[in-house]
Amino acid sequence: MTLSASRTAPPPAGPAAPEPIARLKRIGFLTLPNYSMIALSNALEAARMANYVTGEDTYGWEVLTLDGIPAPASNGLSLSPTRRLAEAGPLDLLMVCGGIDVRQAVGRATSEALRRAARKGLALGALCTGTFALAEAGLLDGYRCAIHWENLAAIREEFPDVAFQDDAFVIDRDRLTCTGGVAPLDMMLVLIAASLGARTAGLVADQFIVRRAAPPERQKPPLAPEVAGRAPALAKATEVMTRHLERPLAVGEVAAAANLSQRQLERLFQRHLQVSPAAFYLDLRLSRARELLRLSPLPVTDVALACGFQSAAHFSVAYGRRFGHPPRAERTA
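Here the structure is a predicted model, which is why all the values come from computation and not from measurement. (Residues numbered from 1 in each chain as written. Predicted model: local features only at pLDDT ≥ 70, side-chain atom pairs only at ≥ 80, totals over all residues. Heavy atoms only, no water.)

Engineer: What should I look at first to understand the side chain of H272 in this one?
Structural biologist: Relative to the assigned elements, H272 resides in helix α12 (residues 262-273). Look at H272 and you get buried, because its relative accessible area is 17%. (Helix = DSSP H or I, 4+ residues; strand = E, 2+ residues; numbered from the N terminus. Buried < 20%, exposed > 50% of the residue type's maximum accessible area, 1.4 Å probe, protein only.)

If you want it as structure tokens, here you go:
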């Protein structure tokens, strides 16, 4: 598979000056082993299409690795041409492309290369789990950012100085981070609008038969959209629960936050989910614990505390009842 050259420009998820965003025209995609090809393709193809609809080579890009050897994506394919990062042409933005097993893909050499890029004044971005690489290099402290929802809980615990958001993408000053799948296309449409105008972004969206550039959305709400649409108060209650996993609230407190009585809340849960609020809350906490056990290096005791269990024994019993095996089995499977 061969790709040629192109380019991109960024604006923010939230307030941010358009000037720094609009200047990001030359993009390097640093591909880590097992990166998400769909995430990279959506970002790169948006830049290519902007060139196509304007008839100008506004955007330019390069696919990069540290050693110049094409990295295999998670689907087993690789992209050519791929250049060494040290031999890349002038860049405005270096975008780290991650995917599965990102911890194994990020070593000292990657972190040092990213720090060098930051010292040169490059804007830094990430697609899918590439955000982990930036956080590991210490380049996201004090920034808001996004990462794929599957890794969100674990990485929040590991990097407390980084403000991880539930949004599909976040642009905060010179850091542009995005989740996987098709979300990079949404982010690129916003970037193109900042650089070339809303009309051009709309033309790009039309070519791909997608919606126009829009504000970032939350990537994985706790309720299915159809249930949330029918019962907005229930959606509010589940969001309150999601924000209070480490220190769980009483059911009455959750009800009050959703402007409901406890009895009204219980009826809503039974009608739409066929479960009690307490059981739903417990399942949220145990699901978060499973993500942390699988995707973070936190000790089991710390995982229990992070998910609102004050007793390791209680956590182990509840976990075994929910998943059929003790917490430590997640680390030995």
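Engineer: I would appreciate a short explanation of the pattern of salt bridges in the present structure.
Structural biologist: If the charged atoms of two oppositely charged side chains come close together, the side chains can form a pair. Going through the model one piece at a time under the given rule, you end up with 12 salt bridges. The residue R144 makes a salt bridge to D172 at a minimum N-O spacing of 3.9 Å. Of this pair, R144 sits in strand β6 (residues 144-145) while D172 sits in strand β8 (residues 169-172), and the two are 28 residues apart along the sequence. Residue classification places R144 among the partly exposed positions, given a relative accessible area of 25%. On the basis of relative accessible area, D172 is assigned to the buried category, the value being 10%. (Salt bridge = Lys/Arg side-chain N within 4 Å of Asp/Glu carboxyl O.)

Engineer: Quick question: what am I supposed to make of the side chain of T200 here?
Structural biologist: With respect to the helices, strands and loops of the structure, T200 is situated in helix α8 (residues 198-208). Given the relative accessible area of 9%, T200 is considered buried. Not counting residues up to four positions away in its chain, the partners in contact with T200 are V53, T54 and I192. (Contact = heavy atoms within 4.5 Å.)

Engineer: I tried to follow the packing of helix α10 (residues 232-243) against helix α13 (residues 277-295) on my own but got confused; where do I start?
Structural biologist: Describing two packed helices takes the angle between their axes plus the distance from one axis to the other. Two elements in contact, α10 and α13, have axes separated by 10 Å at closest approach and are oriented at 45°. Taken together, the axes of α10 and α13 lie oblique to each other. Here α10 runs over α13; the crossing is right-handed. On the side of α10, the interface is formed by T238, M241 and T242, while α13 contributes P277, F280, Y281, L284 and R288. (Axes fitted to C-alpha atoms, helices over the stretch in contact; angles between N-to-C directions. Parallel < 35°, antiparallel > 145°, perpendicular 65-115°, else oblique. Left-handed = near helix turned anticlockwise from the far one by under 90°.)

Engineer: Hey, could you run me through a positive patch on the surface in this one?
Structural biologist: Together, R115, R116, R119 and K120 line one region of the surface with positive charge. Within the secondary structure layout, R116 lies in helix α4 (residues 108-119). Residue R116 is classed as partly exposed on the basis of its relative accessible area of 43%. (Patch = residues over 30% accessible without salt bridge, like charges linked within 9 Å, V, L, I, M, F, W, Y side chains within 5 Å. Areas by Shrake-Rupley, 256 points an atom, 1.4 Å probe, with all protein chains shown as cover. Lys, Arg positive; Asp, Glu negative; His and termini not counted. Charge placed at Lys NZ, Arg CZ, Asp CG, Glu CD.)

Engineer: Any chance you could explain α4 here in plain terms?
Structural biologist: Within an α-helix, residues lying three or four positions from one another point in the same direction, as the helix has 3.6 residues per turn. Taking 1.5 Å per residue as the helical rise, α4 with its 12 residues ought to reach 16 Å, and the 17 Å between its terminal C-alpha atoms agrees with that figure. Inspection of α4 places T110, S111, A113, L114 and A117 among the buried residues, and these make up the whole buried set. The arc that holds every buried residue of α4, seen down its axis, measures 160°, which confines them to one face. Exposed residues on α4 whose side chains face more than 90 degrees from its buried face are R108 and R119. Those residues of α4 that are buried lie in contact with β1 (26-31), β4 (93-97), α3 (102-105), β5 (123-127) and α5 (130-136). Residue G121 follows α4 closely and has a positive phi angle near 90°. (Expected span 1.5 Å × (residues − 1). Arc of directions from axis to C-beta.)

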